[in-house]
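Per-entry structural report
Residue strings, one per chain:
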Amino acid sequence: MSNGLWDEFYFGYSDIDTDLPDRLKIMRSYIKEVLPNSNNVLSICGGKSLDILDLLDSNKTLYIVDNDIDAATYIEENAITPVKFLLKDAEISNSYIDIPKVELLICSGFIGAITKESIKDFVSFLPNLIKENSIIVWTLKNDDLQHIEYVKSIFKSFDFIELDSQITENGRFTCVKSQF
(Lines give C-alpha, C1' and ligand atoms only; values in the text may rest on other atoms or scores of the structure.)
Protein backbone atom coordinates (compact mmCIF):
# COMPACT_ATOMS: atom_id res chain seq x y z
CA MET A 1 0.00 0.00 0.00
CA SER A 2 1.53 3.33 -0.97
CA ASN A 3 2.00 5.91 1.75
CA GLY A 4 -0.94 8.06 0.54
CA LEU A 5 -3.34 5.10 0.46
CA TRP A 6 -1.93 3.93 3.79
CA ASP A 7 -2.64 7.28 5.46
CA GLU A 8 -6.08 7.53 3.84
CA PHE A 9 -7.08 4.04 5.01
CA TYR A 10 -5.96 4.63 8.60
CA PHE A 11 -7.65 8.03 8.68
CA GLY A 12 -10.87 6.00 8.42
CA TYR A 13 -10.35 4.79 11.98
CA SER A 14 -11.23 8.29 13.21
CA ASP A 15 -14.25 8.60 10.89
CA ILE A 16 -17.42 6.96 12.24
CA ASP A 17 -18.93 6.86 8.75
CA THR A 18 -16.38 4.21 7.73
CA ASP A 19 -17.47 1.69 10.40
CA LEU A 20 -13.77 1.08 11.10
CA PRO A 21 -13.98 2.44 14.67
CA ASP A 22 -16.81 0.00 15.44
CA ARG A 23 -14.92 -2.88 13.80
CA LEU A 24 -11.89 -2.02 15.89
CA LYS A 25 -13.98 -1.86 19.09
CA ILE A 26 -15.45 -5.33 18.50
CA MET A 27 -12.12 -6.91 17.56
CA ARG A 28 -10.40 -5.35 20.59
CA SER A 29 -13.14 -6.64 22.90
CA TYR A 30 -12.55 -10.17 21.59
CA ILE A 31 -8.80 -9.80 22.01
CA LYS A 32 -9.09 -8.39 25.55
CA GLU A 33 -11.16 -11.44 26.58
CA VAL A 34 -8.53 -13.88 25.33
CA LEU A 35 -5.24 -12.04 25.81
CA PRO A 36 -4.76 -12.83 29.52
CA ASN A 37 -4.49 -16.53 28.61
CA SER A 38 -2.28 -15.99 25.57
CA ASN A 39 1.50 -15.87 25.72
CA ASN A 40 2.06 -15.95 21.98
CA VAL A 41 -0.10 -14.01 19.55
CA LEU A 42 0.01 -14.00 15.76
CA SER A 43 -1.40 -11.17 13.68
CA ILE A 44 -1.73 -11.81 9.96
CA CYS A 45 -1.81 -8.75 7.70
CA GLY A 46 -2.77 -6.47 10.57
CA GLY A 47 -1.11 -3.36 9.16
CA LYS A 48 -0.59 -0.98 12.08
CA SER A 49 -1.93 -3.73 14.40
CA LEU A 50 -4.31 -1.26 16.02
CA ASP A 51 -6.34 -4.25 17.19
CA ILE A 52 -3.65 -5.35 19.64
CA LEU A 53 -0.46 -3.30 19.67
CA ASP A 54 -1.23 -1.18 22.75
CA LEU A 55 -2.87 -4.08 24.64
CA LEU A 56 0.35 -6.07 24.99
CA ASP A 57 2.49 -6.29 28.07
CA SER A 58 6.06 -7.49 28.38
CA ASN A 59 5.18 -11.15 29.04
CA LYS A 60 3.39 -11.52 25.67
CA THR A 61 5.04 -12.07 22.32
CA LEU A 62 3.37 -10.68 19.23
CA TYR A 63 4.35 -12.10 15.86
CA ILE A 64 3.21 -10.20 12.81
CA VAL A 65 3.28 -11.57 9.27
CA ASP A 66 2.67 -8.80 6.76
CA ASN A 67 4.28 -7.90 3.46
CA ASP A 68 3.74 -4.15 3.85
CA ILE A 69 6.90 -2.14 4.53
CA ASP A 70 4.79 0.75 5.89
CA ALA A 71 3.39 -1.63 8.51
CA ALA A 72 6.88 -2.79 9.47
CA THR A 73 8.07 0.80 9.84
CA TYR A 74 5.02 1.79 11.89
CA ILE A 75 5.42 -1.19 14.24
CA GLU A 76 9.14 -0.53 14.68
CA GLU A 77 8.46 3.11 15.60
CA ASN A 78 5.39 2.56 17.81
CA ALA A 79 5.61 -0.80 19.58
CA ILE A 80 6.03 -0.44 23.32
CA THR A 81 6.85 -4.11 23.86
CA PRO A 82 9.04 -6.23 21.59
CA VAL A 83 7.29 -7.40 18.43
CA LYS A 84 8.63 -9.93 15.97
CA PHE A 85 7.66 -8.56 12.57
CA LEU A 86 8.16 -10.90 9.63
CA LEU A 87 8.04 -8.95 6.38
CA LYS A 88 6.66 -11.89 4.39
CA ASP A 89 3.73 -12.98 2.26
CA ALA A 90 1.03 -14.39 4.55
CA GLU A 91 -0.23 -16.77 1.83
CA ILE A 92 3.03 -18.70 1.78
CA SER A 93 3.27 -21.40 4.45
CA ASN A 94 7.05 -20.97 4.80
CA SER A 95 6.40 -17.45 6.15
CA TYR A 96 5.41 -19.04 9.48
CA ILE A 97 8.39 -21.35 10.03
CA ASP A 98 9.96 -19.28 12.82
CA ILE A 99 6.74 -18.79 14.78
CA PRO A 100 5.72 -21.12 17.63
CA LYS A 101 2.11 -22.24 17.88
CA VAL A 102 0.03 -19.43 19.35
CA GLU A 103 -2.97 -19.17 21.66
CA LEU A 104 -4.47 -16.20 19.80
CA LEU A 105 -4.55 -15.57 16.06
CA ILE A 106 -5.81 -12.28 14.61
CA CYS A 107 -6.82 -11.92 10.96
CA SER A 108 -7.88 -8.32 10.52
CA GLY A 109 -8.27 -8.30 6.77
CA PHE A 110 -6.32 -11.18 5.32
CA ILE A 111 -9.29 -13.46 4.67
CA GLY A 112 -10.92 -10.75 2.59
CA ALA A 113 -7.80 -10.32 0.51
CA ILE A 114 -7.46 -13.90 -0.73
CA THR A 115 -9.46 -15.93 -3.24
CA LYS A 116 -12.32 -18.21 -2.27
CA GLU A 117 -10.15 -21.24 -3.08
CA SER A 118 -7.29 -19.91 -0.96
CA ILE A 119 -9.57 -19.43 2.04
CA LYS A 120 -10.13 -23.18 2.33
CA ASP A 121 -6.37 -23.82 2.05
CA PHE A 122 -5.65 -21.12 4.65
CA VAL A 123 -8.20 -22.40 7.19
CA SER A 124 -6.97 -25.97 6.73
CA PHE A 125 -3.44 -24.72 7.48
CA LEU A 126 -4.40 -22.90 10.71
CA PRO A 127 -3.97 -25.96 13.01
CA ASN A 128 -0.25 -25.71 12.15
CA LEU A 129 -0.18 -22.22 13.66
CA ILE A 130 -2.35 -22.52 16.76
CA LYS A 131 -2.55 -24.65 19.86
CA GLU A 132 -5.60 -26.71 20.69
CA ASN A 133 -8.37 -24.59 22.27
CA SER A 134 -6.82 -21.46 20.77
CA ILE A 135 -8.89 -18.52 19.63
CA ILE A 136 -8.94 -16.91 16.23
CA VAL A 137 -10.55 -13.53 15.69
CA TRP A 138 -11.21 -12.45 12.15
CA THR A 139 -13.12 -9.85 10.22
CA LEU A 140 -14.52 -9.38 6.73
CA LYS A 141 -16.21 -6.52 4.91
CA ASN A 142 -19.89 -7.22 4.35
CA ASP A 143 -19.69 -6.75 0.58
CA ASP A 144 -21.20 -10.20 0.10
CA LEU A 145 -23.06 -11.82 3.00
CA GLN A 146 -23.08 -15.18 1.20
CA HIS A 147 -19.29 -15.01 1.16
CA ILE A 148 -19.21 -14.45 4.92
CA GLU A 149 -21.46 -17.47 5.43
CA TYR A 150 -19.16 -19.45 3.12
CA VAL A 151 -16.10 -18.48 5.20
CA LYS A 152 -17.91 -19.40 8.42
CA SER A 153 -18.79 -22.79 6.91
CA ILE A 154 -15.14 -23.39 6.01
CA PHE A 155 -14.08 -22.70 9.59
CA LYS A 156 -16.78 -25.06 10.85
CA SER A 157 -15.68 -27.80 8.45
CA PHE A 158 -12.20 -27.69 10.01
CA ASP A 159 -13.50 -28.07 13.58
CA PHE A 160 -13.58 -24.41 14.56
CA ILE A 161 -16.42 -23.48 16.88
CA GLU A 162 -17.91 -20.04 16.39
CA LEU A 163 -18.09 -18.41 19.82
CA ASP A 164 -19.42 -15.03 18.73
CA SER A 165 -20.18 -13.05 15.59
CA GLN A 166 -21.08 -9.38 15.43
CA ILE A 167 -21.89 -7.01 12.61
CA THR A 168 -20.72 -3.44 13.00
CA GLU A 169 -23.32 -0.75 13.65
CA ASN A 170 -23.58 0.41 10.04
CA GLY A 171 -23.36 -3.15 8.76
CA ARG A 172 -20.11 -2.83 6.85
CA PHE A 173 -18.06 -5.50 8.69
CA THR A 174 -18.59 -8.86 10.36
CA CYS A 175 -16.27 -9.75 13.25
CA VAL A 176 -16.00 -13.36 14.42
CA LYS A 177 -14.40 -15.12 17.38
CA SER A 178 -13.83 -18.86 16.93
CA GLN A 179 -12.12 -21.58 18.94
CA PHE A 180 -10.15 -24.52 17.62
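The structure under discussion appears in the preceding block.
Residue numbers restart at each chain and count upward from 1, following the sequence in its written direction. Reporting in this predicted model follows two pLDDT cut-offs: at least 70 for local features of residues, and 80 or more for side-chain atom pairs to be given and counted; totals over whole chains, interfaces and linings ignore these cut-offs and use all residues. The basis for every side-chain value is the complete set of non-hydrogen atoms in the structure, without hydrogens or water.

**Observations concerning helix H5 (residues 145–157)**
Helix and strand definitions follow DSSP, with helices as H or I runs of at least four residues and strands as E runs of at least two, each counted in order from the N terminus. The length a helix should cover is 1.5 Å for every residue beyond the first. Along its 13 residues, H5 runs 18 Å from first to last C-alpha, staying within 8% of the 18 Å computed at 1.5 Å per residue. On its buried side, H5 packs onto helix H4 (116–125), strand S5 (130–141), strand S6 (161–167) and strand S7 (173–179). The definition of a polar contact used here is a pair of N or O atoms within 3.5 Å, where within protein one atom must be able to donate a hydrogen and the other to accept one, and adjacent residues in sequence count solely through side-chain atom pairs. Residue aspartate 144 occupies the N-cap position of H5, its side-chain oxygen lying 3.0 Å from the main-chain nitrogen of glutamine 146. Positive backbone phi, approximately 70 degrees, marks aspartate 159, located one or two places after H5. Any two residues whose heavy atoms approach within 4.5 Å at even a single point are treated as in contact.

**Comments concerning the nonpolar core**
With 29 residues, the main nonpolar core has Leu42 and Ile44 as its most contacted residues. Listed by contribution, the elements that provide at least two residues to this core are strand S1 (40–44), strand S2 (61–66), strand S4 (102–107), H4, S5 and H5. Excluding residues that lie within four positions of it along the chain, isoleucine 44 makes contacts with Val65, Ala90, Tyr96, Leu105, Ile106, Cys107, Ser108, Phe110, Phe122 and Leu129. Residue types Ala, Val, Leu, Ile, Met, Phe, Trp, Tyr and Cys, when buried and joined through side-chain atoms within 4.5 Å, form a set referred to as a nonpolar core. Burial classification: accessible surface area is computed with a 1.4 Å probe over protein chains only, and a residue below 20% of its type maximum counts as buried, one above 50% as exposed, and the rest as partly exposed. The next biggest cluster of nonpolar side chains, apart from the first, holds 19 residues, and it includes Ile26, Ile31, Val34 and Leu53.

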